[in-house]
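Structural description and commentary
The lines below spell out each chain.
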Amino acid sequence: MDLRIFTEPQQGATYDTLLAVAKATEDLGFDAFFRSDHYLRMGSAEGLPGPTDAWVTLAGLARETKRIRLGTLMTAGTFRLPGVLAIQVAQVDQMSGGRVELGLGAGWFEEEHKAYGIPFPKEKFARLEEQLAIVTGLWETAVGQTFSYEGTYYQLTDSPALPKPAQPKVPVLIGGHGATRTPRLAGRYADEFNMPFASVEDSERQFGRVRTAAEEAGRKGTDLVYSNALVACVGKDDAEVARRAAAIGREVEELKASGLAGSPDEVVDKIGRYAEIGSQRLYLQILDLDDLDHLDLISAQVQSQL
């Protein structure tokens, strides 16, 4: 079971804070540093000093880390044109020496679009399908050949399809709870399917749908990595768990029910339940980015048992 650190910088974080978390991620032996792609805080968080851009952040981290994978859960398809996104991701992959992964979703948070003047189209899912075809098509086009695409929402004519990523194939992540369209897209385009903030039972059902969709697309269900994203709140004792829950404005029992919360042994036991239904990778949503001792505890007493 791979453990990856997943951050929500729109809730309030500077680049320096994210760099500190990324370096701790690397030093403590975690597999990857991922971040959300949002421009507006959610809930009661102040969101200060303001948003940071996902791919600008990852470009900086690409030069300041050496081992960990870097990526997004999920880049909003509404934020970037697919041709531009393909260039951005390829460049950051080159800057990292081939450590980038692209999580791509349709976009859903209308308020942030209004706040920053970003169009919020009705046909988001159909646009996402075209975006996936374009981004992967550009990367797959051989050097010296051109790529064209005639879609409903996007048209590309004789693109040189450059630059290329450093990796032969940048892993593409698709995720979500949708019962029909999401598995179909994942079955066709995804290297990894991520089930966010879901129970063991709901995850098992969705993984099954994705495996079936992959087989219908002419692939093997085992061609994909299956993963979950879950909030983490781990403490060496009940008092520490309660303190960490309070720091992120959550209740301990709610976190134990919906996430990975409690003592290290409790969390290891719950991780085992996800592993039993086929989850191979966990994204630990870390909401208090100043609490690096939290990462140290998870590394020393959770990751060490897996």
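Up top you'll find the structure we're talking about.
As a starting point, this report considers the structure included with it. (Residues numbered from 1 in each chain as written. Predicted model: local features only at pLDDT ≥ 70, side-chain atom pairs only at ≥ 80, totals over all residues. Heavy atoms only, no water.)

Some words on the overall build of the protein chain
The number of helices and strands found in the protein chain is eleven helices and twelve strands. Compactness check: the protein chain gives a C-alpha radius of gyration of 19 Å against a globular reference of 19 Å for 306 residues, within 12% of the reference. Residues classed as buried in the protein chain amount to 55% of the 306 residues present. Contacts in the protein chain between residues far apart in sequence, at least 24 positions, make up 73% of those at least 6 positions apart. Per element, the accessible surface of the protein chain, about 13500 Å² overall, is 50% carbon and sulfur. Positive and negative charge centroids in the protein chain, built from 32 and 44 side chains respectively, lie 4 Å apart. (Helix = DSSP H or I, 4+ residues; strand = E, 2+ residues; numbered from the N terminus. Rg over C-alpha atoms; globule rule 2.2 N^0.38 Å. Buried < 20%, exposed > 50% of the residue type's maximum accessible area, 1.4 Å probe, protein only. Contact = heavy atoms within 4.5 Å. Areas by Shrake-Rupley, 256 points an atom, 1.4 Å probe, with all protein chains shown as cover. Lys, Arg positive; Asp, Glu negative; His and termini not counted. Charge placed at Lys NZ, Arg CZ, Asp CG, Glu CD.)

Digging into the side chain of Glu26
Positionally, Glu26 belongs in helix H1 (residues 15–27). Residues in contact with Glu26, not counting those within four places in the same chain, are Thr65, Lys66, Arg67 and Ile68.

Structural notes on the pattern of salt bridges
For the structure on display, the rule yields 18 salt bridges. Salt-bridge contacts for Arg127 lead to Glu123; the nearest nitrogen and oxygen are separated by 3.6 Å. Close ionic contact of Arg244 with Asp291 constitutes a salt bridge, the shortest N to O distance being 2.6 Å. You can see Arg244 sitting in helix H8 (residues 238–247) and its partner Asp291 sitting in the loop between strand S12 (281–286) and helix H11 (292–301), a full 47 residues away along the chain. Per residue, the accessibility class of Arg244 equals that of Asp291, and both read buried. (Salt bridge = Lys/Arg side-chain N within 4 Å of Asp/Glu carboxyl O.)

Some details on the packing of helix H5 (residues 124–140) against helix H6 (residues 181–189)
Where H5 meets H6, the closest approach of the two axes is 11 Å, and the angle between their N-to-C directions is 5 degrees. Regarding the angle of H5 to H6, the classification is roughly parallel. Contacts from Phe125, Leu128, Glu129, Leu132, Ala133 and Thr136 of H5 reach H6 at Arg181, Thr182, Arg184, Leu185, Arg188 and Tyr189. For the contact of H5 with H6, the per-class residue count stands at six nonpolar, two polar and four charged. (Axes fitted to C-alpha atoms, helices over the stretch in contact; angles between N-to-C directions. Parallel < 35°, antiparallel > 145°, perpendicular 65-115°, else oblique. Nonpolar A, V, L, I, M, F, W, Y, C, P; charged D, E, K, R; others polar.)

Here we look at the environment of Ala214
Here Ala214 is to be found in helix H7 (residues 200–216). When its relative accessible area of 0% is taken as the criterion, Ala214 is described as buried. Along the chain, Ala214 and Ala133 lie 81 residues apart, while their C-alpha atoms are 16 Å from each other. Once residues within four sequence positions are removed from consideration, Ala214 is found in contact with Gly187, Arg219, Lys220, Gly221 and Leu224.

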